[in-house]
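What follows is each chain in one-letter form.
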Amino acid sequence: MKKASALLIILFTVYASLSAQYSMDFGVSLGGSNYVGETGGSRTEPKPWLLDMNLAKTNISFGGFYRINFTRNIAAKLSVNYARIGGADSLSGIASQRARNLSFRTDIIEASLVAEYYFFTMNNLSRSSRSRIDFGSYIFAGGGVALFYPYAQYDNKWYYLRPLQTEGVDNAYDVMTVAVPLGAGATFTFDKKIKLGIEFGYRFTFTDYLDDISTRYAFEEDLPFQESILLANRSEEAFRRGDAELAGFAPYFSEGSRRGNPEANDGYFLGQISISYTITNRNSFGKARYNKIINRRRKRTKF
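Parameters at a glance
Residues numbered from 1 in each chain as written. Predicted model: local features only at pLDDT ≥ 70, side-chain atom pairs only at ≥ 80, totals over all residues. Heavy atoms only, no water. Pairing = 2+ DSSP bridges. Helix = DSSP H or I, 4+ residues; strand = E, 2+ residues; numbered from the N terminus. 1 Å grid on protein atoms, 1.4 Å probe; cavity = no way out; pocket = protein on both sides within 12 Å on 5 of 7 lines; lining within 4 Å. Points joined across faces, edges and corners; volume = space filled by probe spheres on them. Nonpolar A, V, L, I, M, F, W, Y, C, P; charged D, E, K, R; others polar. Salt bridge = Lys/Arg side-chain N within 4 Å of Asp/Glu carboxyl O. Buried < 20%, exposed > 50% of the residue type's maximum accessible area, 1.4 Å probe, protein only.

Engineer: Would you explain the pairing of strand 7 (residues 176-190) in this entry?
Structural biologist: Relative to strand 7, strand 5 (residues 133-154) is paired through 13 bridges, and the arrangement is antiparallel. Among the inter-strand pairings, Val145 is bridged to a residue of strand 7, identified as Val178. Hairpin remark: strand 7 followed by strand 8 (residues 194-205), antiparallel, with 3 residues in the connecting loop; positive phi at Asp191, about 50 degrees.

Engineer: What is the right way to read empty space enclosed by the protein from this model?
Structural biologist: With a probe scaled to a water molecule rolled over the atoms, the places where space remains empty come into view. Applying the stated criterion across every chain, the model contains 5 cavities of 30 Å³ or more. The space that makes up the largest cavity amounts to roughly 140 Å³. Ser29, Lys77, Glu199, Gln272 and Ser274 are, among the 17 residues lining the largest cavity, the residues nearest its centre. The set of elements that each furnish at least two residues to the lining of the largest cavity consists of strand 2 (59-69), strand 3 (74-88), strand 7, strand 8 and strand 9 (267-279). Looking at which element gives the most residues to the lining of the largest cavity, the answer is strand 8, with 4 residues. Here the residues of the lining of the largest cavity sort into 5 nonpolar, 8 polar and 4 charged.

Engineer: What should I look at first to understand the pattern of salt bridges in this one?
Structural biologist: Any two side chains of opposite charge can pair, on the condition that their charged atoms come close. Summed over the entire model, instances satisfying the criterion amount to 12 salt bridges. The shortest N-O distance in the salt bridge between Glu116 and Arg67 comes to 3.2 Å. Residue Glu116 is located in strand 4 (residues 103-122), and its partner Arg67 is located in strand 2; the two are separated by 49 residues in the primary sequence. Look at Arg67 and you get buried, because its relative accessible area is 2%. Arg84 serves as the salt-bridge partner of Asp107, at 2.7 Å between the closest nitrogen and oxygen. Taken together, the residues Asp107 in strand 4 and Arg84 in strand 3 connect sequence positions 23 residues apart. Here the residues in one salt-bridge network are Asp25, Arg67, Lys77, Glu116, Lys195 and Glu199, joined through shared partners.

Note that all results are geometric; they support no functional claim without further evidence.
Right, here's the structure in full:
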């Protein structure tokens, strides 16, 4: 957590030092979120990381941002996002995952600073129209921090998993992690004021516990609460459903056996549309103020 907090302070300090008199815009974004990790999706065989998302578990995301354009091709964006991700082994096409029967829902609050590089721009997309529409497409990369809060449902009640330490007290994890956003997007600017955008980005994280699943099944004496015991191993619930394909998997879910994959961290994906308002040095307020100062100086000049 100390490293993540230090990174957050550095990001905000860098952004504050870069905030000078340049073209800028601020706005809001809305879209969907999804997750890549140990909890399986609807698949029959392992796939590359991005294709392993289960679209049925897509949730909502929204946020706000402030962007500074230093040149025509370079910009920096500070943003804060909320996202919800989730997963369920019961939706997997792999029998062993359905037998494991773990599930989760995680709320994420993310703050990030990214650099945007506009590799293609067009000054006026609608030359035959009365309204001017500028277009730009970009790629982005940066860093940030994310607070995450995993929950699981049992008997129609949601339990916050982090304090339950479902993999034992020795595997307790922080509420904050470093996140590295990478992705691409495009913007349409109408008459240099209103900007509409679309963006897709993946977040690499430095934790394997977005889903509360990482290492091995803990021994019962290492679990601090009764709720920890109930939510640590839920394979019996799957066996009671009567799925014949799950027969024979029971020995895989004993104490000390593999519960997750600690060799790969979890990540999440955001796809959002945005609307923002653009402020430039050439706006009427700034121009009027600048001209007033110039005229005052001219009156005082003596030849």
